[in-house]
Amino acid sequence: MIKFVRPRLITFDVTDTLLMTNLEKHYAEIGSQHGLSIDPHKLARSFKNNFRKLSLEHPVYGKHTGIGWKNWWRQIVHNIFKEQHNYISDATLDKVANSLIKCYGTSLCWHKYPGTIELLEYLREKDLILGVISNFDERLEAVLKDTRIRFYFSFVLTSYDFGIEKPDTLIFNEALRLTKERHNINIIPQQAIHIGDSISNDYIGAKNANWNAILVQHNNDVIDEKKVPTKDVFRNLQDLKLHLSTLLDKDI
């Protein structure tokens, strides 16, 4: 049996892990403010397809291809609305995009999952170092501040600022470096846990960096046990808090 190693660092993904958004609602509301209706069912599929396509063409939100994150998101918005209204002027689409970009930098478009505060409070009381590792652009600091959870985290490491995104092991190594820099503590990967919603980016990415990993799936999607053991999958943050308490309250 593998000897239990008490964790000293716990990092979180943000989107669909700690914070949620209603994409269809916000896109429809802001579109309507500019006289544009949008089919929410088509929107969800369109967003997913355009996000995937642009991520391949301009990885890390366009950091290395020169377009930058704002133009990256403008392109997403243009594509989504043009698929349903191909007659719209670019000027109108820019207004819609700018409104959405602004909204998604605030708590107007982001909401905490039930149990977020309770989980973070519990972990803070356990004297753990908490951090964020997220494939996100420059707005994440503002989002975390506006949703009132930024102060829980020692550092916020985004793919845009670092220039490399999950699942690359370099971003997990950078989290260990930041921890040493800010706390003067050497933490080995086996003392770190990463928690996120993506099998490839969060779970497998962390495992490849020799970290411990936990998958949070707020929906009821079926998970392939060959990729992620059932013991590492949690459907809500309340169950995750209970699990972590069994680990952290162990006698060593």
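Residue positions within a chain follow its written sequence, with the count starting from 1. The predicted nature of this model means local features are confined to residues of pLDDT at least 70 and side-chain atom pairs, given and counted, to a pLDDT of 80 or more, with totals for whole chains, interfaces and linings taken over all residues. The side-chain quantities take in all heavy atoms of the structure and omit both hydrogens and water.

Under an unreviewed UniProt entry, the name given to the protein chain is Rhythmically expressed gene 2 protein, and the organism recorded is Apis mellifera.

> So, the overall build of the protein chain: which residues are in play, and what are the values?
Regarding its fold elements, the protein chain presents eleven helices and eight strands. Overall, the protein chain is about 65 × 35 × 35 Å in size when its C-alpha atoms are taken along their principal axes. Each residue is assigned to one of three classes by its accessible area relative to the maximum for its type, calculated with a 1.4 Å probe on protein chains only: buried under 20%, partly exposed between the two thresholds, exposed over 50%. Within the span of the protein chain, comprising 252 residues, buried residues form 48% of the whole. Residue contacts are counted whenever heavy atoms from the two residues lie within 4.5 Å of one another. When contacts within the protein chain are restricted to residue pairs at least 6 apart in sequence, long-range pairs at least 24 apart make up 65% of them. Put simply, the protein chain shows about 12,900 Å² of open surface, and 51% of that area lies on carbon and sulfur atoms. Charge counting treats Lys and Arg as positive and Asp and Glu as negative, with His and both chain ends excluded. One atom stands in for each charge, and that atom is NZ of Lys, CZ of Arg, CG of Asp or CD of Glu. Between the averaged position of the 33 positive side-chain charges in the protein chain and that of its 31 negative side-chain charges there is a distance of 2 Å. Under the scheme used here, helices are H or I runs from DSSP no shorter than 4 residues and strands are E runs no shorter than 2 residues, and both carry numbers assigned from the N terminus. The Shrake-Rupley method, run with a 1.4 Å probe, gives the accessible areas here. Residue values count only the displayed protein chains as cover.

> Describe in detail the pairing of strand S5 (residues 155–158), supporting the description with residues and values.
Burial of the side chains of S5 extends over both faces: Phe 155 and Leu 157 are buried on one face and Val 156 and Thr 158 on the other. We call a crossover right-handed when, viewed with both strands directed away from the observer, the connection leading from the first strand over the helix to the second proceeds clockwise. Read from strand S4 (residues 129–134) through helix H7 (residues 140–146) to S5, the crossover connection turns out right-handed.

> How would you sum up the pattern of salt bridges? Please name residues and give values.
For this analysis, a salt bridge means a side-chain nitrogen from Lys or Arg found within 4 Å of a carboxyl oxygen belonging to Asp or Glu. Inspection of every chain in the model, using the stated rule, returns twelve salt bridges. With a closest N to O distance of 3.1 Å, Asp 90 and Lys 82 form a salt bridge. According to the relative accessible area criterion, Asp 90 is partly exposed, its value standing at 42%. Between Glu 121 and Arg 124 there is a salt bridge, and its shortest N-O distance comes to 3.1 Å. Of the two residues, Glu 121 and Arg 124 both sit in helix H6 (residues 116–125), three residues apart, roughly one turn of that helix. Residue classification places Glu 121 among the partly exposed positions, given a relative accessible area of 24%. Classification of Arg 124 as partly exposed rests on a relative accessible area of 40%. One continuous salt-bridge network, built from bridges that share partners, spans Asp 13, Lys 166 and Asp 202.

> Summarise the sheet that holds strand S1 (residues 9–12); cite the residues concerned and give the values.
Here we have six strands laid out as an open sheet, ordered S5-S4-S1-S6-S7-S8, and parallel in their pairing. The strands lining the two open edges of the sheet, one partner per strand, are S5 and strand S8 (233–234). Contacts between helix H11 (residues 237–248) and the sheet are confined to strand S6 (192–196), strand S7 (212–216) and S8, with S7 contributing the most and set at about 155 degrees to the helix. A pair of strands counts as paired when DSSP detects no fewer than two bridges linking them. Interaxial angle, 0 to 180 degrees, is taken between N-to-C directions of lines fitted to C-alpha atoms, where a helix line uses only the stretch in contact.

> Run through the domain arrangement of the protein chain, naming residues and quoting values.
The domains assigned to the protein chain are domain 1 (9–18 + 113–249) and domain 2 (21–109). Centre-to-centre separation of domain 1 and domain 2, based on C-alpha positions: 27 Å. Note on definitions: buried area is the accessible-area loss of two parts on being combined, 1.4 Å probe, summed for both. Together, the buried faces of domain 1 and domain 2 total about 1,300 Å²; carbon and sulfur atoms form 55% of this surface. Three residues stand out in domain 1 for area buried against domain 2, namely Arg 139, Asp 146 and Tyr 160, and they jointly supply 48% of the buried area on that side. There are zero salt bridges connecting domain 1 and domain 2. Whenever two N or O atoms come within 3.5 Å, that pair is a polar contact, provided that in protein one can donate a hydrogen and the other can accept it, and provided that, for residues adjacent in sequence, both atoms are side-chain atoms. Between the two partners, domain 1 and domain 2, sit eight residue pairs in polar contact (both at pLDDT 80 or more). Mapped by element, the contributors of at least two residues to the side of domain 1 that touches domain 2 are H7 and helix H8 (159–162). Partitioning the side of domain 1 that touches domain 2 into residue classes produces four nonpolar, four polar and six charged. Note that the domain bounds were set by an automatic or database domain assignment. Each residue is assigned to one class: nonpolar for Ala, Val, Leu, Ile, Met, Phe, Trp, Tyr, Cys and Pro, charged for Asp, Glu, Lys and Arg, and polar for all the others, Gly among them.

> Tell me about helix H2 (residues 40–57), residues and numbers included.
Residues spaced three or four apart along an α-helix face the same direction, because each turn holds 3.6 residues. Under the convention used throughout, the expected extent of a helix is 1.5 Å for every residue step, that is, one less than its residue count. For H2, spanning 18 residues, the distance from its first C-alpha to its last is 25 Å, which sits close to the expected 26 Å at 1.5 Å a residue. Of all the positions in H2, only Leu 43, Ser 46, Phe 47, Asn 50 and Leu 54 are classed as buried. Projected onto a plane normal to the axis of H2, the buried residues spread over an arc of 110 degrees and lie on a single side. In H2, the exposed positions angled more than 90 degrees off the buried face are occupied by His 41, Arg 45, Lys 48 and Leu 56. Here the buried face of H2 lies against helix H1 (23–33), helix H3 (59–62) and helix H4 (68–84). The distance from a side-chain oxygen at the start of H2 to the backbone nitrogen of His 41 is 2.8 Å, and the residue carrying that oxygen is Asp 39. Think of the arc as the fan of directions from the helix axis to the C-beta atoms.

> Mind laying out the environment of His 243, listing which residues take part and the relevant values?
Its place among the elements puts His 243 in helix H11. Looking at His 243, the relative accessible area reads 24%, which means it is partly exposed. Taking the C-alpha atoms as reference points, His 243 and Asp 232, separated by eleven residues in sequence, lie 9.7 Å from one another. With near-sequence residues (within four places) excluded, His 243 lies in contact with Ile 214 and Phe 234.

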